[in-house]
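# Reading the structure
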Amino acid sequence: MDGDEPVTKQDIPSAGAFFADNPERADLEFFGRIAHNDRRGFLKGAGLTTLGTMLGMAVPFHRNYPQGMIPAAFAEDDVLVGKDGLTLLNDRPINAETPAHLLDDAITPTNRHFIRNNGVPPADMDAATWQLTIDGMVDNPMTLSIDDLRNQFEVVTMALTIECGGNGRAAFNPPAKGNQWTLGAVACSEWTGVRLKDVLEKAGVQDGVVYTAHVGADTHLSGDPDKLPISRGLPIDKAMTDNVLIAFEMNGDALHPQNGAPLRLVVPGWPGSCSQKWLTRIYLRDQVHDGPKMTGTSYRVPNRPVAPGEDVDKADFVIIERMPVKSLITSPQTNTESGRSVEVHGHAWSGDRTIEAVDVSMDFGTTWQKAELDAPVNDGAWQNWRINLEFPQAGYYEVWARATDSDGDMQPFAINWNPKGYLNNTMHRVALRVA
Ligand SMILES: Nc1nc2c(c(=O)[nH]1)N[C@H]1C(S)=C(S)[C@@H](COP(=O)(O)O)O[C@H]1N2
Ligand SMILES: [Mo]
């Protein structure tokens, strides 16, 4: 057979049907990856007729092209569209973290906010038609558009810290399975939306409610429409606090598609998994929510300190609530050269608490100097700190930072090992070559 043999219809009918039925699933089965949903949306619409225009040339076999299939020309390079400098840890599902020095801004720009997906983002993220249902144990079940949220409730803007429960997992030994986050699964962007509390109050929280349950529009990696990738919840008291938002703007703009557009929860200070993206439903329950990633060992830790590598009974795991005290050095960048005088700065946070002090050491923890520390811009935002260090002579140094919170909790030297690698809040160290 010579290379000019035309592809016949018979070669692809099943592929065509398969792609038309479930393009993301088909892309995964045929090519081992899931394409970025922007492209999928593009192809679902005017798609193929404009494919040639986008490529700048004709597509001779365009009639044979399975409907909904993602052109390989676009499939690989667009996973992190709208992001800047993030490290891709996984592309199925998409998980990407931000190097510490790119988290230097007081408020994290959208293009530097990490991405943590458990499934496949929805193809349709249309803010105009989006609907949020509030039901379960409420007096008045409601379905609200984003305009309804804007019009019926007070709209607030707050800087709020989201940190993945698994941030820092890469440092665990023995290693823990899961995304190998180093430092950058944390961010503090400015979110605009309405308070979850106000919406729940309007719906009428019934007596006996214990927990919220959150549902998003993303789909399970298996393609099974009956499976949710993740559905977590909050104790009702936490849900009723003032800084838990249903957000429709991120840094004054629409949400980034990978950060939950057009609507998400933002629950500062608790594991990022509580902040359901692509939010479509919240229902209230009279028991602790038991959706996917709420049970077993997901976002749970042993109820006592355990030895590294120890086997822990599933019954001994408890749900992670607030995230522990932590800090990040965002300047200087690690492994860089500097002069003898260096301004060091970064952020510090502790779930549901404030930071009292950040201490910095240049002599491997022997002596510490107090950094200048800002108050949080609002409840739920990380705190910025800075200090000028004068190095006594040229050579190799490490700058260590150690935060202490309002309850006196201080970042540890040693990792708090647990089977799934959550809650690593050991001190951040930066290597510096002083000239
Ligand atoms: N619908 C949905 N919401 C989700 C997730 C998800 O996979 N699906 N991941 C959660 C996890 S584990 C984290 S850490 C945060 C991350 O938010 P980001 O991707 O905007 O940084 O989203 C949470 N909300
Ligand atoms: Mo997470």
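Residues numbered from 1 in each chain as written. Chains lettered and ligands numbered in written order. Predicted model: local features only at pLDDT ≥ 70, side-chain atom pairs only at ≥ 80, totals over all residues. Heavy atoms only, no water.

You'll find the protein chain entered in an unreviewed UniProt entry as Molybdopterin-dependent oxidoreductase, with Pyruvatibacter mobilis given as the organism. The Cofactor (unreviewed entry) field of the UniProt record for the protein chain holds the comment "Mo-molybdopterin". (UniProt positions renumbered as here; feature names shortened; annotations may be inferred.)

### Some words on the overall build of the protein chain
When helices and strands are counted, the protein chain shows eight helices and 22 strands. Within the protein chain, buried positions represent 53% of all 435 residues. Look at the contacts in the protein chain between residues 6 or more apart in sequence, and 70% of them connect residues 24 or more apart. (Helix = DSSP H or I, 4+ residues; strand = E, 2+ residues; numbered from the N terminus. Buried < 20%, exposed > 50% of the residue type's maximum accessible area, 1.4 Å probe, protein only. Contact = heavy atoms within 4.5 Å.)

### A short note on the nonpolar core
Ranked by internal contacts, the top residues of the largest apolar core, which has 48 residues, are Ile134, Leu149, Trp191, Val199, Ile246 and Ile282. Broken down by element, the residue count for this core peaks at five residues, all from strand β9 (residues 245-250). (Core = buried A, V, L, I, M, F, W, Y, C linked by side-chain atoms within 4.5 Å.)

### Observations regarding the site of ligand 1
Close to ligand 1 lie 19 residues, the nearest being Phe114, Asn118, Asp218, Arg264 and Lys277. One of the side-chain nitrogen or oxygen atoms of His113 is found 3.2 Å away from an oxygen atom of ligand 1. Taking Asn118, its main chain carries an N or O atom lying 2.7 Å from an oxygen atom of ligand 1. In the complex, 100% of the free accessible area of ligand 1, which totals 540 Å², lies under the protein chains. In terms of residue class, the shell around ligand 1 is built from six nonpolar, nine polar and four charged. (Near = heavy atom within 4 Å. Polar contact = N/O pair within 3.5 Å; in protein donor to acceptor, adjacent residues only side chain to side chain. Areas by Shrake-Rupley, 256 points an atom, 1.4 Å probe, with all protein chains shown as cover. Nonpolar A, V, L, I, M, F, W, Y, C, P; charged D, E, K, R; others polar.)

### Details of the sheet that holds β9
Taken in spatial order, the four strands make up an open sheet running β6-β7-β9-β10, and their pairing is antiparallel. Taken across any chain shown, the strands that pair with only one partner, and hence form the sheet edges, are β6 (155-163) and β10 (264-266). Recorded for the sheet is a direction-independent mean angle of 55° between the axes of neighbouring strands. Relative to strand β7 (residues 186-195), β6 runs antiparallel, the two being bridged by nine bridges. Directly across from Leu160, in β7, lies its bridge partner Ser189. Sheet strands touched by helix α7 (residues 196-203): β7, β9 and β10. Its angle to β7, the strand with the most contacts, is close to 30°. (Pairing = 2+ DSSP bridges. Axes fitted to C-alpha atoms, helices over the stretch in contact; angles between N-to-C directions.)

### Considering the sheet that holds strand β18 (residues 369-370)
As summarised here, the arrangement of the five strands in space is β15-β22-β21-β17-β18, forming an open sheet in which the pairing is mixed. The strands lining the two open edges of the sheet, one partner per strand, are β15 (336-338) and β18. Relative to β18, strand β17 (residues 355-361) runs antiparallel, the two being bridged by two bridges. The residue bridging Asp359 from the neighbouring strand is Lys370, located in β18.

### Observations concerning the pairing of strand β4 (residues 131-136)
With four bridges connecting them, β4 and strand β5 (residues 142-145) associate as antiparallel partners. Bridge pairing links Gln131 to Ser145 in β5. Between β4 and the antiparallel strand that follows it, β5, lie five residues. Both β4 and strand β11 (residues 279-285) contribute to a ladder of four bridges, which runs parallel.

### A short note on the pattern of salt bridges
Tallied over the entire structure, the rule returns 21 salt bridges. Note that Glu310 and Arg304 form a salt bridge whose closest N and O atoms lie 3.9 Å from each other. A residue is classified by how much of its surface remains accessible, and Glu310, at 31% relative accessible area, is partly exposed. (Salt bridge = Lys/Arg side-chain N within 4 Å of Asp/Glu carboxyl O.)

### A word on α7
Where α7 is concerned, the buried positions are Leu196, Asp198, Val199, Leu200 and Ala203. One or two residues past the end of α7 sits Gly204, with phi positive at roughly 85°.

### Focus on the packing of aromatic side chains
Counted according to the given criterion, the structure contains six aromatic pairs. When the centroid spacing of 6.3 Å and the interplanar angle of 75° are considered together, the rings of Phe364 and Trp400 count as edge-to-face. Of this pair, Phe364 sits in the loop between β17 and β18 while Trp400 sits in strand β21 (residues 395-405), and the two are 36 residues apart along the sequence. Taken together through their ring pairs, the aromatic side chains of Phe364, Trp400 and Phe413 make up a single cluster. The ring of Tyr283 has Arg281 lying over it, and the distance from NZ or CZ to the ring centre is 3.9 Å. (Phe/Tyr/Trp six-rings, centres within 6.5 Å; stacked < 30°, edge-to-face > 60°. Lys NZ or Arg CZ within 6 Å of the ring centre and 35° of its normal.)

### So, the pairing of strand β16 (residues 341-349)
A large share of β16 lies buried, amounting to seven of its nine residues. Relative to β16, strand β14 (residues 326-331) is paired through five bridges, and the arrangement is antiparallel. Residue pairing for β16: Ser331 is matched across the bridge by His345.

### Quick word on unusual backbone geometry
A cis amide bond, omega 0°, links Asn173 with the succeeding residue Pro174. As for its position among the elements, Pro174 is in the loop between β6 and β7. Even without being a glycine, Asn251 presents a positive backbone phi close to 50°. Note that Asn251 resides in the loop between β9 and β10. A positive phi is found at Leu423, a non-glycine position, where the angle reads about 60°. Note on placement: Leu423 falls in the loop between β21 and β22 (428-434).

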